[in-house]
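Residues per chain are reported as follows:
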Amino acid sequence: ATYYMDQGYAYANVNPNIETDPKKRLVKLSYDIERGKKVFVERINIRGNSKTRDKVIRREMTLAEGDLYSATKQDVSRRRIQALGYFEDERVQISTSKGSSDEFIVLDVEVAERSTGTFQIGAGFSSDEAFILQAQIADNNMMGRGQAWQIQAQVSGQRQILYGRFQDPYFLDSQWTLGVDLYNQSRGFGS
């Protein structure tokens, strides 16, 4: 059935016919296949994304509106959306429903967002550096755009470290990735 569904026959019916011959201990298995009409994706509905923008989810889809339907591409799309890490894995579902006619299908993408940001703060003491303060803030889905950023600072009696990182996996909606890392360190040498 998946073979036919990958060829655009979303409503293909495969019915097995089983004939047994107990005397010869044989089973004859054949399939009746009704392909139906080829089906195209009419619309893709996305639900459950309050923070993440639709385009971030759509660019992970291997099916687009107007494409010939494929069950394998639907499954690959679901796995790619899960791999983003912005949603609860078990809550990423893609279901189908009939479109405006028998030649169209509607894909319904259901997601449940999870927290993508982190905030850490710490303090300590060292005989070499006296006090140590550290803070970090990061988000892997900045403003729902699918961009990641991180700022980290560490201050002690002997040094200061500042670090910043930004990454856009689809720079200007292209297949190019942009990454920027900024780093500053100053160290004091005591007598």
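In this text, all values refer to a predicted model and were calculated from it rather than measured experimentally. Numbering of residues begins from 1 in every chain and follows the order in which that chain's sequence is written. For a predicted model such as this one, the threshold for reporting local features is a pLDDT of at least 70, and the threshold for listing and counting side-chain atom pairs is 80 or more; totals across whole chains, interfaces and linings nevertheless cover every residue. Side-chain figures throughout are based on the complete set of non-hydrogen atoms in the structure, without hydrogens or water.

1. Some remarks on the environment of Thr-52
So, point 1. By secondary structure assignment, the location of Thr-52 is in the loop between strand E3 (40–47) and helix H2 (54–58).
So, point 2. Sequence separation of Thr-52 and Glu-113 is 61 residues, and the distance between their C-alpha atoms is 8.0 Å.
So, point 3. Throughout, a residue-residue contact means that at least one pair of heavy atoms, one from each residue, lies within 4.5 Å. Those residues in contact with Thr-52 that sit more than four places away from it in its chain are Ile-57, Tyr-86, Phe-87, Glu-113, Asn-141 and Gly-144. Helix and strand definitions follow DSSP, with helices as H or I runs of at least four residues and strands as E runs of at least two, each counted in order from the N terminus.

2. Topic: the packing of aromatic side chains
So, point 1. Aromatic pairing here means that ring centres of Phe, Tyr or Trp (its six-membered ring) are within 6.5 Å. Orientation follows from the plane angle: under 30 degrees is stacked, over 60 is edge-to-face, and everything else is tilted. Counting across every chain of the model gives 4 aromatic pairs.
So, point 2. Centre to centre, the rings of Tyr-3 and Tyr-4 are 5.2 Å apart; their planes meet at 85 degrees, and the pair counts as edge-to-face.
So, point 3. With a relative accessible area of 57%, Tyr-3 lands in the exposed category.
So, point 4. Residue burial is assigned from relative accessible area. The probe radius is 1.4 Å, only protein chains are included, and a residue is buried under 20% of its type maximum, exposed over 50%, and partly exposed in between. Among the residues examined, Tyr-4 registers a relative accessible area of 21% and is labelled partly exposed.
So, point 5. For the ring pair Tyr-163 and Tyr-183, a centre distance of 6.4 Å and an interplane angle of 70 degrees mean the geometry is edge-to-face. Here the residue Tyr-163 occupies a position in strand E9 (residues 159–168), and Tyr-183 occupies one in strand E10 (residues 178–187), the gap between them amounting to 20 residues.
So, point 6. The class of Tyr-163 is partly exposed, set by a relative accessible area of 23%.
So, point 7. By way of ring pairs, the aromatic residues Tyr-3, Tyr-4 and Tyr-9 are connected into one cluster.
So, point 8. In our convention, an over-ring charge means Lys NZ or Arg CZ found within 6 Å of a ring centre and within 35 degrees of that ring's normal. Positioned above the aromatic ring of Tyr-11, the side-chain terminus of Lys-98 is 4.6 Å from the ring centre.

3. Topic: the pattern of salt bridges
So, point 1. The term salt bridge refers to a pairing of a side-chain nitrogen on Lys or Arg with a carboxyl oxygen on Asp or Glu at a separation within 4 Å. Considering all chains together, one arrives at 8 salt bridges under this definition.
So, point 2. Put simply, Glu-110 and Arg-47 hold a salt bridge, and the shortest N to O gap is 3.4 Å. In this pair, Glu-110 is assigned in strand E5 (residues 104–110) and Arg-47 in strand E3, connecting sequence segments 63 residues apart.
So, point 3. A salt bridge links Arg-58 to Glu-65; the shortest N-O distance between them is 3.6 Å.
So, point 4. The network of salt bridges with shared partners includes Arg-47, Asp-108 and Glu-110.

4. Examining the sheet that holds strand E6 (residues 117–126)
So, point 1. Two strands pair if DSSP finds at least two bridges between them. Overall, antiparallel pairing links the 5 strands, which are arranged E6-E7-E8-E9-E10 in an open sheet. Two strands bound the open sheet, and with one partner strand each, they are E6 and E10. Shown here is a sheet whose adjacent strand axes are inclined to one another by a mean of 5 degrees, direction ignored.
So, point 2. Bridge count between strand E8 (residues 147–156) and E9: 8 bridges; the pairing is antiparallel. The partner of Ile-151 across the bridge, within E9, is Gly-164. Fitted lines through C-alpha atoms give the axes, limited to the stretch in contact for helices. The angle between two N-to-C directions lies from 0 to 180 degrees.

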